[in-house]
Amino acid sequence: MDGRTILYRGILKSCNYHCSYCPFSRHPVSERELAKDREQWFSFIRFVERHVAGWGIRALMVVPYGEALIHPWYWQGLAQLSALPQIRAVGAQTNLSFPLRLFTDCFAGVGGQKEKLRLWATFHPEMTEVSVFAERCRELHDQGVQICAGAVGVPQNLPVLESLRRALPEEIYLWINKMDGLKRPYTDQERAAFTALDPYFIRELLPVPADTDRCRERLFAEGDGRLHTCNISPPLGLRWAEKNPDLPAAGFPAPVCRRKICSCYLAYGGRNDPVSRMLFGPYPLFRIPRRPRAVFLDIAGILLPNGECMEEFSVVLPLLAQEGTVLFLTARLSYREAMERCQSIRHLFRGGIFAGGAYLVLQSEGECGEGREQFFDLDEFWNSAEPFLQKMARCYAFRILCYKHKGRCYKITLLRPRHRPWEEAEAHRLYESLPGKHSVRAIRQGSCLQFVDRRADQAGGVRLLCRWMGISHTEVFLDSAAGEEETDKRKGVKE
Ligand code: SF4
């Protein structure tokens, strides 16, 4: 993740809409509550201003019970936050019923940075006309505000949601949330119809097992001071407050969670998951898609231990490829080994970075154009190193695999039995004893100790493939596993 995201929910539980199914539509609100909500919100903003640097906060989203953006203090507060240089994205969930012109004038008047503003607009068929809602989305979109629109996937509302899709500008993503109160599974027909509206609807239907390791970069803050990891996890036992000596200035609170399943988008969408970041950029909670020109995925990250493609990937990768994103694999395996493992999805990829960066390939697009490839050959010592290495084979219990192209070696793997993985210390000892160590990069992974040319790494491979395609490396999505290669380079034989 590119910095941390905080969700904020104030104390109000009220709404100007009166949808029949919604508890907040009937909740009265007093002037005292409104004043308290305002006071807490500005206090929270002062808290964020103090912690934005130490905590690495980069994005903040208001996720109210009911509607918050009918209250101008939220306009001012979001504008204030967007003006902080560290903050890259601010926004809110909203029914979009607030006066647009007053909102944008106020936001600009307080020094708000419109390009950082992101709105998640929910359509309520009982309360709004399709044409009115779509027009409001269009107006904000035309003003440069990033916006997504969506609704709950109520089967009876399918026709009206289909007309909403037709009325919205094509560039505005329409999401569909699964209907929690449906009390039956969607039929195949309903599932297909909602998927036609929202290509990522399937993500709402797949169970997402909880995994707190993916929730280290996010927090959920309530107006009364309580902090949680996410909106469905228990309180952390810490409270935000403008001056709370118990809160660490620099350390971000560690996640606490007792859930088995991350059961809604605000929970799973805020996890550090490659699919979320690939589809929605560095701050996926706002749900505004970004279309990377190219995607680099580490093979280990997209495959299950049994070698099958994870269901989420098998759904979204064809969609991305269809939309013109070029997909690449990254692997420490050779090209042939990697392709054998990815049988069912190999056709989606146009090449990638293999053998730990020692082999790059960009295949031609269909019949058009020419493909390109590059091998980073090992130097003379390594091309004749087998007898030398053989002398150590018995002591270290490995066998030598030499990967060659046109008679030149580009990767050497010292492979041990599966039950004897390379320990860091012994891999280091062996590496240090090699006369040719300065020309190679050593990669330790389980029972494999691999050597590739020093110039070969995944970061360099990404840059070169981008150059071949004529795109900037800032336009690509890089699975975090690709970055790990840098660690290998620095540390010599680290995993
Ligand atoms: S329930 Fe929330 S805190 Fe727990 S793993 Fe899921 S997203 Fe993270």
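Below or above, wherever it landed, is the structure these notes cover.

Parameters and conventions
Residues numbered from 1 in each chain as written. Predicted model: local features only at pLDDT ≥ 70, side-chain atom pairs only at ≥ 80, totals over all residues. Heavy atoms only, no water. Phe/Tyr/Trp six-rings, centres within 6.5 Å; stacked < 30°, edge-to-face > 60°. Helix = DSSP H or I, 4+ residues; strand = E, 2+ residues; numbered from the N terminus. Buried < 20%, exposed > 50% of the residue type's maximum accessible area, 1.4 Å probe, protein only. Lys NZ or Arg CZ within 6 Å of the ring centre and 35° of its normal. 1 Å grid on protein atoms, 1.4 Å probe; cavity = no way out; pocket = protein on both sides within 12 Å on 5 of 7 lines; lining within 4 Å. Points joined across faces, edges and corners; volume = space filled by probe spheres on them. Nonpolar A, V, L, I, M, F, W, Y, C, P; charged D, E, K, R; others polar.

## Observations regarding the packing of aromatic side chains
And then number 1: Taken as a whole and judged by the stated rule, the model has 36 aromatic pairs.
And then number 2: When the ring of Phe47 is compared with that of Trp240, the centres are 5.7 Å apart and the planes differ by 45°; the resulting orientation is tilted. Here Phe47, found in helix α1 (residues 31-51), pairs with Trp240, found in the loop between β11 (235-239) and α8 (265-268); they are 193 residues apart in sequence, far enough to count as distant. Of the two residues, Phe47 and Trp240, neither departs from the other in class, the shared state being buried.
And then number 3: Taking 6.0 Å as the distance between ring centres and 85° as the angle between the ring planes, the aromatic pair formed by Tyr335 and Tyr359 counts as edge-to-face. Remark: Tyr359 occurs in strand β15 (residues 359-362) and Tyr335 occurs in helix α12 (residues 335-341); sequence separation between them is 24 residues.
And then number 4: Classification of Tyr359 by relative accessible area gives buried; the value is 7%.
And then number 5: Positioned above the aromatic ring of Tyr265 is the side chain of Arg287, whose terminal nitrogen or guanidinium carbon lies 4.0 Å from the ring centre.
And then number 6: Here Arg416 stacks its cationic end above the ring of Trp422, 4.3 Å away from the centre of that ring.

## A closer look at the layout of surface pockets
And then number 1: For the largest pocket, the calculated volume is near 1200 Å³.
And then number 2: Together, 39 residues line the largest pocket, and Tyr21, Phe24, Thr122, Val152 and Asn177 are the ones closest to its centre.
And then number 3: When residues of the lining of the largest pocket are traced back to their parent elements, those giving at least two are β4 (65-66), β5 (89-94), β6 (117-122), β7 (146-152), β8 (174-177) and α8.
And then number 4: Per-class residue counts for the lining of the largest pocket are 21 nonpolar, 12 polar and six charged.
And then number 5: As a volume, the second largest pocket reaches approximately 970 Å³.
And then number 6: Lining the second largest pocket are 37 residues, with Arg214, Asp273, Pro274, Val275 and Arg277 positioned closest to its centre.
And then number 7: Here the lining of the second largest pocket is composed, by residue class, of 19 nonpolar, six polar and 12 charged.

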